[in-house]
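Summary of structural features
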Amino acid sequence: MSTTTTGQLTMYTTTWCGFCRRLKTQLAREGIHMVEIDIEQDTAAAEYVMSINGGNMTVPTVVFPDGTAVTNPSAKDVKTRLASIS
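The present account deals with the structure reproduced in this document. (Residues numbered from 1 in each chain as written. Predicted model: local features only at pLDDT ≥ 70, side-chain atom pairs only at ≥ 80, totals over all residues. Heavy atoms only, no water.)

**Observations concerning the overall build of the protein chain**
In terms of helices and strands, the protein chain carries three helices and four strands. Its helices and strands taken in sequence order, the protein chain reads β-α-β-α-β-β-α from the N to the C terminus. In summary, the protein chain has a C-alpha radius of gyration of 12 Å against a globular reference of 12 Å for 86 residues, a match within 12%. For the protein chain, the C-alpha atoms occupy an extent of roughly 30 × 25 × 20 Å along the three principal directions. The burial tally for the protein chain puts 36% of its 86 residues in the buried class. In the protein chain, the proportion of contacts linking residues at least 24 apart, taken out of those at least 6 apart, comes to 56%. Positive and negative charge centroids in the protein chain, built from 7 and 8 side chains respectively, lie 12 Å apart. (Helix = DSSP H or I, 4+ residues; strand = E, 2+ residues; numbered from the N terminus. Rg over C-alpha atoms; globule rule 2.2 N^0.38 Å. Buried < 20%, exposed > 50% of the residue type's maximum accessible area, 1.4 Å probe, protein only. Contact = heavy atoms within 4.5 Å. Lys, Arg positive; Asp, Glu negative; His and termini not counted. Charge placed at Lys NZ, Arg CZ, Asp CG, Glu CD.)

Structure representation (C-alpha cells):
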C-alpha cells in the first residue's frame, strides 16, 4: 500500500481502535468518503503515522487532500477542514 494521500481524504487506523470506528461511522453518516489504511497491516503507513505524530503510532490520523494531517479529530473538525480547502 501507498502512503501517498494527495487529492483524497485518508484515515490511518487499526482494527481495535474505538476512536477510529466512531469517526468512520460519523464520517459515513455525513456522506464524507475516505480511504482507510490499517497501520498494523502496512509498515510504511505505520512509519508515516509515526513521522507525523512525534514517533507515536496514534490513530486515527487523518490526512486531508491538501496533505495536512490531524490526529484524533472530531467528524465536525474533518467536515470544517474539508470545506475550508475545497
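**Description of the nonpolar core**
The biggest cluster of nonpolar side chains holds 11 residues, and these are Leu9, Met11, Leu23, Leu27, Ile32, Met34, Val62, Phe64, Ala75, Val78 and Leu82. Breaking this core down by element, the ones donating at least two residues are helix 1 (18–29) and helix 3 (75–85). A total of three residues in this core trace back to one element, the largest contributor, which is helix 3. Leave out the neighbours within four places in its chain, and Met34 touches Leu9, Met11, Lys24 and Leu27. Within the second largest apolar cluster, 10 residues are counted, among which are Cys20, Ala45, Ala46 and Val59. (Core = buried A, V, L, I, M, F, W, Y, C linked by side-chain atoms within 4.5 Å.)

**Looking at the pairing of strand 1 (residues 10–13)**
Of the two faces of strand 1, the one carrying Thr10 and Tyr12 and the one carrying Met11 and Thr13 are both buried. In terms of strand pairing, strand 1 meets strand 2 (residues 35–38) through four bridges, oriented parallel. By the bridge assignment for strand 2, Thr13 is matched with Asp38. Where strand 1 lies against strand 3 (residues 61–63), three bridges are found, and the strand directions are antiparallel. (Pairing = 2+ DSSP bridges.)

**Looking at the environment of Val49**
Inspection of the secondary structure puts Val49 in helix 2 (residues 43–52). When the C-alpha positions of Val49 and Ser86 are compared, they lie 24 Å apart, and in sequence the two are 37 residues distant. The residues contacting Val49, other than those within four sequence positions of it, are Tyr12, Ile39, Asn56, Met57, Thr58 and Thr61.

**Looking at unusual backbone geometry**
Looking along the chain, the bond that leaves Val59 and enters Pro60 is cis, with omega of 0°. Even without glycine at this site, Asn72 takes up a positive phi of about 50°. Structurally, the position occupied by Asn72 is in the loop between strand 4 (69–71) and helix 3. Its relative accessible area of 37% is what places Asn72 among the partly exposed residues.

Nothing here speaks to function; it is all geometry.
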